[in-house]
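These are the residues of each chain, in order.
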Amino acid sequence: MIERQFFARKIKEQQIEEFISSNLDKAGYSHTEILRTPLGEKIIIYTSRPSLIVGRKGANIKELTEVLKKKFSMENPQIEVSEIDTPNLNPKSVAKHIIHTFERFGPKRFKSIGYKSLQDIMDAGALGAEIVISGRGVPSSRAKSWRFKTGYLKKSGYVAESLVKKGYATAHLKSGSVGVKVTILTPDIRLPDKIILKEIKKEPEKPQESKQEQKQESESKQEPSKQQKPKKQRKK
């Protein structure tokens, strides 16, 4: 019974996230996070352009709140819009940006778009990045999948599975569907194989004393011992 409730809740959260991403599929939108609070369900929308999501005088947020209440029977949904500080280090934001570029200008210049997005990611401070553009809509005679990569990027192990950030997006064009996968190794990740060399400061060496000074010091230490008077022995 508990497992069914857990799965039903997760399915509902996935449906809500898909609905919000389809309705707010605008430039700058990244992803949605759903949290449970005592007052109700809190929905956080991450974007690099909050003004496009909020709308004029919060019209988009009010409309979205009413739709969530009716369609998903949510009692008190609290919608919060959070701004992304560095959108070029967010893989979902980068993938969405590439998709919107394809939908606006077409996929003919996908190579220049891929290399430019890759350079923007590295300029933001990433250690490594990879962009994969694939699908029937890619205008290429040789391959339907193109990979753009640079820097240092983990492909296996704990770092690749848990710490490396990944984002996906799909564009439905006239020529066919085009999928974009973005993988970024952000600078805040501490790699286990990174070696840091520490400099050891050397203490200044003391100047060596001459032999005459050493003799004088040894004589000065012996003089007070000679001046001491011998103790008188008590008569029995």
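Our subject is the structure that appears above.
The rules behind each value
Within each chain, residue numbers correspond to sequence positions counted from 1 in written order. With pLDDT at 70 or above as the cut-off, local features in this predicted model cover only qualifying residues; side-chain atom pairs require 80 or more to be listed or tallied, and sums for whole chains, interfaces and linings still use all residues. Heavy atoms throughout the structure, all of them, feed into the side-chain values; hydrogens and water do not. Among buried residues, those of type Ala, Val, Leu, Ile, Met, Phe, Trp, Tyr and Cys that are joined through side-chain atoms within 4.5 Å constitute a nonpolar core. Each residue is placed in one exposure class: buried if its accessible area under a 1.4 Å probe, protein chains only, is under 20% of its type's maximum, exposed if it is over 50%, and partly exposed if it falls in between. By the criteria applied, helices consist of DSSP H or I runs no shorter than four residues and strands consist of E runs no shorter than two, each listed in order from the N terminus. Note on definitions: a residue-residue contact is assigned when non-hydrogen atoms from the two residues lie within 4.5 Å. Following DSSP output, two strands are said to pair if at least two bridges run between them. The axes used here are C-alpha line fits, helices contributing only the stretch in contact, and every angle between their N-to-C directions lies in the interval 0 to 180 degrees. When the near helix sits turned anticlockwise from the far one by under a right angle, the crossing is termed left-handed; a clockwise turn instead gives a right-handed crossing. By the convention adopted, Pro, Cys, Tyr, Trp, Phe, Met, Ile, Leu, Val and Ala count as nonpolar, Lys, Arg, Asp and Glu as charged, and the other residues, Gly among them, as polar. Centres within 6.5 Å make a pair out of two Phe, Tyr or Trp rings, where for Trp the six-membered ring is used; the pair is then stacked when the planes are under 30 degrees apart, edge-to-face when over 60, and tilted otherwise.

Undergrad: What exactly am I supposed to notice about the nonpolar core here?
TA: Nonpolar side chains tend to gather and get buried jointly when the protein is soluble and globular. Counting residues in hydrophobic clusters, the biggest one holds 23 residues, and the most contacted among them are Phe-102, Ile-121, Ile-131, Ile-133, Val-180 and Val-182. Counting only elements with at least two residues in this core, the list comes to helix H4 (91–105), helix H5 (110–123), strand S4 (128–135), strand S5 (145–151), strand S6 (165–172) and strand S7 (177–185). With five residues, H4 is the single largest residue contributor to this core. Once residues lying within four places of it in the same chain are set aside, the contact partners of Ile-133 are Phe-102, Phe-110, Val-138, Lys-144, Ser-145, Trp-146, Phe-148, Val-178, Gly-179 and Val-180. If you look at the next biggest cluster of nonpolar residues, it comprises 15 residues, including Phe-19, Tyr-29, Ile-61 and Leu-68.

Undergrad: Please explain the sheet that holds strand S1 (residues 29–37) as it appears in this structure.
TA: In any sheet, the strands associate via hydrogen bonds between backbone groups, in a parallel or an antiparallel arrangement. Strand order in the open sheet formed by three strands is S1-S2-S3, and the pairing between neighbours is mixed. Of all the strands in the sheet, the pair left with one neighbour each is S1 and strand S3 (78–83). For this sheet, the mean inter-axis angle between neighbouring strands, taken without regard to orientation, is 20°. By the bridge criterion, eight bridges tie S1 to strand S2 (residues 40–47) in an arrangement that is antiparallel. Bridge pairing in S2 places Arg-36 opposite Glu-41.

Undergrad: Which parts of the structure should I look at to understand the packing of helix H1 (residues 2–23) against helix H3 (residues 59–71)?
TA: In a pair of packed helices, the angle between the axes and the distance between the axes together describe the arrangement. At their nearest, the axes of H1 and H3 sit 12 Å apart, and the two run at 145° to each other. The element H1 and its partner H3 pack so that their crossing is right-handed. Only Leu-64, Val-67, Leu-68 and Lys-71 of H3 make contact with H1, whose side of the interface consists of Ile-16, Phe-19 and Ile-20. Classifying every residue of the contact of H1 with H3 gives six nonpolar, no polar and one charged.

Undergrad: What's the story with unusual backbone geometry in this structure? I'm lost.
TA: With glycine set apart, most residues show a phi of negative sign, and most peptide bonds adopt trans. The phi dihedral of Lys-57 falls on the positive side, at around 55°, and the residue is not glycine. Inspection of the secondary structure assignment puts Lys-57 in the loop between helix H2 (50–54) and H3. According to the relative accessible area criterion, Lys-57 is exposed, its value standing at 76%. The phi dihedral of Ser-73 is positive, around 50°, even though this residue is not glycine. In this structure, Ser-73 sits in the loop between H3 and S3.

Undergrad: Before we go on, may I ask you to explain the sheet that holds S5 in this structure?
TA: Spatially, four strands are ordered S5-S4-S7-S6 in an open sheet, and the strand pairing comes out antiparallel. The open sheet terminates on both sides in strands that have one partner only, identified here as S5 and S6. Adjacent strand axes in the sheet meet at a mean angle of 10°, parallel and antiparallel pairs treated alike. Note: S6 against S7, eight bridges, orientation antiparallel. In the strand pairing of S7, Lys-166 is matched with Thr-183. Of the strands in this sheet, S4, S5 and S7 touch H5, which is tilted by about 25° from S5.

Undergrad: How should I be thinking about the packing of aromatic side chains in this particular structure?
TA: A ring pair, where both rings are aromatic, is described by two values, the distance of the centres and the angle of the planes. Scanning the entire structure with this criterion turns up four aromatic pairs. Aromatic side chains Tyr-115 and Phe-148 sit 4.9 Å apart centroid to centroid with 80° between the ring planes, which places their arrangement in the edge-to-face category. Residue Tyr-115 is located in helix H5, and its partner Phe-148 is located in strand S5; the two are separated by 33 residues in the primary sequence. Residue class for Tyr-115 comes out exposed when judged on its relative accessible area of 53%.

So far we have only geometry, and geometry alone does not tell us how the molecule works.
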